[in-house]
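Single-letter residue listing:
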Amino acid sequence: MKHVLIFITTLLISFTLSAQDEQAQKYVEKEQYSKANVIYKNLLASNTKKASEYYYYLGDICLRKDKNDSAKYFFMEGIKIDETIALNYVGIGIVSMRVNNATEGQRSFDKALQLSSSKNAQVLNAIGEYYILEATTSELAKGVVLLKRSIEVDAKNSMGWMLLGDAYGRQADGTKQVEAYNKASTLVHSVPLLKMKYGKLYTSARNIELAVKYFNEGLAVDVTYGPIYRELGDVYNRFKKYDLAIENYKKYVSYIDRNDDVEFKYGFFLLKNKNYSEAVEVLNTLENRKFNSPYIYNRRAVCYYELQKYDFAKKDIETYFKKVSAINTTSADYEYYGKILLKTGQDSLAILQFQSAVDRDTTRLDLYGEIGNYYYGKGNYSKASEYMSKQVRPSTKDPKIFYELGQAYFYNKEYAKADSNFVKLVALKPAVYIGYLWRARATAAQDPETKLGLAKPYYEKVIELCAANGAKYTDELIESNEYIAYYYTVNRDKVKADVAWKNILALD
């Protein structure tokens, strides 16, 4: 009887610990990290056999809060207790990757996979999740491989299916993404989490009705599920429903841990929602509370820039660069520094910052356009065209680039170069008059005596496209007819010249 009681007691304790562990994971999922932290620290004190695992979960909470040093401490403590627990090596790998130590990161991931013989779904999911959430697009395939292995190891592993769906989403394969989520829906899973993932899928597909439907279905299961309110805020922000966006952001911060980290996130939401004055108030409060994050300053610099308080913006962005490690800066940081410097008249320094922004993100060729537009506004068309031209690649399809570059060349009296850009503008927008009008001006400038009539076919095309709406395009039609009338006058064709002059009189 005594042995039976011991067995039952042990079983009850095991069930209790398991229930606490499950509850802690729900808190983590809902971003209620302080509650999860309390549970894991209590479990750490009461169940030393699983101490190494609890250290991993404590470190994972720190990772989710971007506290890499604290995360590493917990992972290392877990390894000290039990070197065979693979999850702590996953954690060390993620920390290493975040601080740009890819060699150490990969070594730690390999160690985790070796210890688990690549047969532990949780380990495979954890590494796979890193690759789909934090790694570059080129490394996404590694995550897919690991997550496919995870569902091979455990086909009833709903988290593996959900993460695999996330990976397919990043690969823009909506069909496979839906299939993976549908498979997860047949398994034991967190209903709000899965509904949130469906909602995010339809947000990406720009289907606001379906996105909101799924988010609301998740909240119907758990009205306190904070992250869904964040996603609702994002979708309303994306579709310019700003009041609803702020309403949901406020609910988000009310249901997750209310602390300085959350306040900082809320300030960022306000910034994204263009509530710059309110965002500044939140960030000021955090600064007064000695919130230890350099990102207060780059966020507030953006707000001040948008509020046209350029001196405050400059002070903040420079404070940010003094406080943050260069490896943690982004292209956007240098972009805004460049914009701020332009507004304070420091154009040469601004150019250096824009170049740094492009160096960090080579897709941001539009920043050369920012420099070009600055010089264009100053009447320095030579410099304007120099920088605007840096945007152009063989694959460029943006008509605005060719329009602005063509104008810069035109006003710099480089008419042939101007025309070559207007040719590309016409090719991209053949039904729009503006390209033909500027082709006409550029070619007319190359035929100053109007004897060759180089601009005539382009002005005729302007008339063709604008005639039906003459009241709207009076200036363009007068300019076009005036050229044609003068051309025929120079070439002694009075009849055709008179037709064009009469067209002008009819317009004005």
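Calculation criteria
- Residues numbered from 1 in each chain as written.
- Predicted model: local features only at pLDDT ≥ 70, side-chain atom pairs only at ≥ 80, totals over all residues.
- Heavy atoms only, no water.
- Axes fitted to C-alpha atoms, helices over the stretch in contact; angles between N-to-C directions.
- Helix = DSSP H or I, 4+ residues; strand = E, 2+ residues; numbered from the N terminus.
- Left-handed = near helix turned anticlockwise from the far one by under 90°.
- Contact = heavy atoms within 4.5 Å.
- Nonpolar A, V, L, I, M, F, W, Y, C, P; charged D, E, K, R; others polar.
- Salt bridge = Lys/Arg side-chain N within 4 Å of Asp/Glu carboxyl O.
- Buried < 20%, exposed > 50% of the residue type's maximum accessible area, 1.4 Å probe, protein only.
- Phe/Tyr/Trp six-rings, centres within 6.5 Å; stacked < 30°, edge-to-face > 60°.
- Lys NZ or Arg CZ within 6 Å of the ring centre and 35° of its normal.
- Patch = residues over 30% accessible without salt bridge, like charges linked within 9 Å, V, L, I, M, F, W, Y side chains within 5 Å.
- Areas by Shrake-Rupley, 256 points an atom, 1.4 Å probe, with all protein chains shown as cover.
- Lys, Arg positive; Asp, Glu negative; His and termini not counted.
- Charge placed at Lys NZ, Arg CZ, Asp CG, Glu CD.
- pLDDT = per-residue confidence, 0-100.
- Polar contact = N/O pair within 3.5 Å; in protein donor to acceptor, adjacent residues only side chain to side chain.
- Expected span 1.5 Å × (residues − 1).
- Arc of directions from axis to C-beta.

**Considering the packing of helix α25 (residues 433-445) against helix α27 (residues 474-490)**
It is the contact of α25 with α27, at a shortest axis distance of 12 Å, that shows an interaxial angle of 40°. Helix-helix and strand crossings are classified by hand; for α25 and α27 the assignment is left-handed. For the pair formed by α25 and α27, the contact residues are Tyr433, Leu437, Arg441 and Ala444 on the first element and Glu476, Glu479 and Tyr483 on the second. A breakdown of the residues in the contact of α25 with α27 according to their chemical character gives four nonpolar, no polar and three charged.

**Observations regarding the pattern of salt bridges**
Tallied over the entire structure, the rule returns 34 salt bridges. Linking Arg364 and Asp366 is a salt bridge whose minimum nitrogen-to-oxygen distance equals 2.8 Å. On the accessibility criterion, Asp366 (38% relative accessible area) is partly exposed. Look at the salt bridges and you will find they share partners, linking Glu335, Lys339, Arg364, Asp366 and Glu370 into a network.

**Description of the packing of aromatic side chains**
Applying the stated criterion across every chain, the model contains 36 aromatic pairs. Ring geometry for Tyr376 versus Tyr381: centroids 5.3 Å apart, planes at 70°, classification edge-to-face. Connected via pairs of aromatic rings, a cluster forms that spans Tyr376, Tyr381, Phe410, Tyr411, Tyr415, Phe422 and Trp438. One residue, Lys213, lies across the ring of Tyr214, its end atom 4.4 Å from the ring centre. One residue, Arg441, lies across the ring of Trp438, its end atom 4.6 Å from the ring centre.

**Quick look at unusual backbone geometry**
The phi torsion at Ser118 lies on the positive side, around 55°, for a residue other than glycine. Judged by its relative accessible area of 24%, Ser118 falls in the partly exposed class. Even without being a glycine, Lys274 presents a positive backbone phi close to 70°. Turning to its location among the elements, Lys274 is positioned in the loop between α15 (260-272) and α16 (276-288). For Lys274, a relative accessible area of 53% gives the class exposed.

**Examining a positive patch on the surface**
Taken together, the side chains of Arg206, Arg238, Lys240 and Lys274 define a basic patch exposed on the protein surface. Take Lys240: it is sitting in the loop between α13 (226-238) and α14 (242-255).

**Regarding the confidence of the model for the chain**
On average, residues of the chain score 90 in pLDDT, and 96% of them reach the 70 mark or higher. In the model, residues 1-16 has pLDDT below 50 throughout and makes zero contacts with residues more than four positions away in sequence or in other chains.

**Things to note about the environment of Ser185**
Tracing the backbone shows Ser185 in helix α10 (residues 174-185). According to the relative accessible area criterion, Ser185 is partly exposed, its value standing at 35%. Spatially, the C-alpha atom of Ser185 lies 51 Å from that of Asn373, the residues being 188 residues apart in sequence. A distance of 2.5 Å separates a polar side-chain atom of Ser185 from the backbone oxygen of Asn182.

**Quick look at the environment of Asn469**
Position of Asn469 relative to the elements: it lies in the loop between α26 (456-466) and α27. Along the chain, Asn469 and Tyr249 lie 220 residues apart, while their C-alpha atoms are 46 Å from each other.

**So, helix α20 (residues 347-360)**
Taking 1.5 Å as the rise per residue, α20 with 14 residues should run 20 Å; its terminal C-alpha atoms sit 20 Å apart, in good agreement. Residues Ala350, Ile351, Gln353, Phe354, Ala357 and Val358 constitute the buried set of α20. Buried residues in α20, looked at end-on, bunch into an arc of 165°, giving them a common side. Exposed and facing more than 90 degrees away from the buried side of α20 are Ser348, Leu352 and Asp359.

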